[in-house]
Amino acid sequence: MQRVLVTGGAGFIGANFVNHLVAHTDLQVTVLDALTYAGHREAVDGFPSDRVAFVHGDITDAEVVDRVVGESDAVVHFAAESHNDNSLHDPRPFLDTNVIGTYTLIEAARRHGTRFHHVSTDEVYGDLELDDPARFTEQTPYNPSSPYSSTKAASDLLVRAWVRSFGLQATLSNCSNNYGPWQHIEKFIPRQITNLLDGRRPRLYGEGKNVRDWIHVDDHNSAVLAVLQRGRIGETYLIGADGERSNKQVVEQLLTTMGRPSEDYDLVADRPGHDLRYAIDATKLSTELGWTPRYDFDSGLAATVEWYRQHEDWWRPVKEATEARYAKSGQ
Ligand code: NAD
Ligand code: DAU
């Protein structure tokens, strides 16, 4: 394997993955990214041109996809519309990118016999009760709740069907909630960090009881690389780092870390259909591939706060518009 195509490589997780590949492998990388509102060219600038090439293009464009997949030995597919709240207001781009875009990529990978890794989410499994000790495993039945998660579930099923029907050389991974550098400030943790840096109060949906299973983006990406290099074809691997916390706990921790009273937040309108709890059992990944996470949440969160403090030039231009969109839904 010499050249890897990273779709969505200018987005949050994809850009960190490109960094990870440059730092930890000799692979050459091609990024294919449409630079939607969530894509940032500067996140993958500054690498030597013999390590990282950038192609500005859409994964639903069969011609460009056929060309870049044909030039690559493997595809790691991150590109997606990724935000649940946006999918509740306008689902159509989620169908186009997440379903048709994935279909376009796996057809090209099938034609060229290219190794394919599909990056997906734990949200395909629906949610768990707050008091249920269970966690998601690779055997948990699919039960997605939102337009976002249902299109991701559809894309997973397409990849699985292409493995079985056409012998596509694919693996899949489903990860829990990521945090770290370059995450768009529409998402929970960077929204609250930038609210606090901006002198605003954090905004918790509903009563703040919903639980997410947090993992640092670098731990997600080291797991994706392990699956790409050593995963069994046709298999799904769940990725998680035992990081369950309620949203209220996370906001209180941010407030304390940033020197404010821990009750200094607002409860706002809940998300319609809001999933209660996600939790990952990553036993298969750790026993089969020997993967372990490196970050602990407390130091990872403190480093993330510092990153947003240092990168105000990057997030400031979109802060007002992001908050104005939320204000329309009372959030
Ligand atoms: P993101 O929204 O930050 O980035 C998405 C990237 O894809 C952007 O660079 C965007 O420009 C690009 N893109 C969107 N539509 C495109 C199209 N039609 N053609 C080409 N490029 C396009 O997303 P993210 O949070 O980095 O998520 C990346 C992947 O990881 C997604 O597949 C998501 O479902 C999955 N995932 C995310 C999380 C999380 O916590 N963020 C957790 C598990 C899985
Ligand atoms: O579980 C993996 C998923 O995690 C990924 O597939 C998605 O791409 C990613 O966006 C994320 O989905 P969530 O919907 O869990 O993430 P979000 O950051 O939008 O919200 C996290 C939790 O915080 C959720 O319970 C909603 C809540 N929330 C969110 C925002 C933006 C708030 O309480 N206040 C907020 O302002």
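Residues numbered from 1 in each chain as written. Chains lettered and ligands numbered in written order. Predicted model: local features only at pLDDT ≥ 70, side-chain atom pairs only at ≥ 80, totals over all residues. Heavy atoms only, no water.

Colleague: How would you explain the pairing of strand β4 (residues 74-77) if you had to name every residue and give the values?
Modeller: Walk down a regular strand and you will see the side chains alternate between the two sheet faces. Side chains Ala74 and Val76 project from β4 onto one buried face, and the interleaved Val75 and His77 project onto a second face that is buried too. Where strand β1 (residues 3-7) lies against β4, four bridges are found, and the strand directions are parallel. Note on β4: the bridge partner recorded for Val4 is Ala74. The sheet contact formed by β4 and strand β5 (residues 115-121) spans four bridges and is parallel. When the sheet's bridge partners are listed, His77 is paired in β5 with His118. (Buried < 20%, exposed > 50% of the residue type's maximum accessible area, 1.4 Å probe, protein only. Helix = DSSP H or I, 4+ residues; strand = E, 2+ residues; numbered from the N terminus. Pairing = 2+ DSSP bridges.)

Colleague: Lay out the site of ligand 1 in plain terms, naming residues and giving numbers.
Modeller: Inspection of the region around ligand 1 gives 28 residues, with Ile13, Asp33, Ser82, Tyr148 and Lys152 positioned closest. The separation between an oxygen atom of ligand 1 and a polar main-chain atom of Phe78 is 2.9 Å. One of the backbone nitrogen or oxygen atoms of Asn178 is found 2.9 Å away from an oxygen atom of ligand 1. Here ligand 1 has 840 Å² of accessible area as a free molecule, and 96% of this is covered by the chains. Taken together, the elements giving at least two residues each to the shell around ligand 1 come down to α1 (12-24), β5 and α5 (147-166). Per-element accounting of the shell around ligand 1 gives the leading share, three residues, to β5. In terms of residue class, the shell around ligand 1 is built from 13 nonpolar, 12 polar and three charged. (Near = heavy atom within 4 Å. Polar contact = N/O pair within 3.5 Å; in protein donor to acceptor, adjacent residues only side chain to side chain. Areas by Shrake-Rupley, 256 points an atom, 1.4 Å probe, with all protein chains shown as cover. Nonpolar A, V, L, I, M, F, W, Y, C, P; charged D, E, K, R; others polar.)

Colleague: Which residues make up the packing of helix α10 (residues 297-310) against helix α11 (residues 312-328), and what values do they have?
Modeller: The interhelical angle for the contact between α10 and α11, taken along N-to-C directions, is 75°, at an axis separation of 6 Å. If you check the angle between α10 and α11, you find them roughly perpendicular. Contacts between α10 and α11 pair Trp307, Tyr308, Arg309 and Gln310 from the former with Glu312, Trp314 and Trp315 from the latter. For the contact of α10 with α11, a count of residues per class yields four nonpolar, one polar and two charged. (Axes fitted to C-alpha atoms, helices over the stretch in contact; angles between N-to-C directions. Parallel < 35°, antiparallel > 145°, perpendicular 65-115°, else oblique. Contact = heavy atoms within 4.5 Å.)

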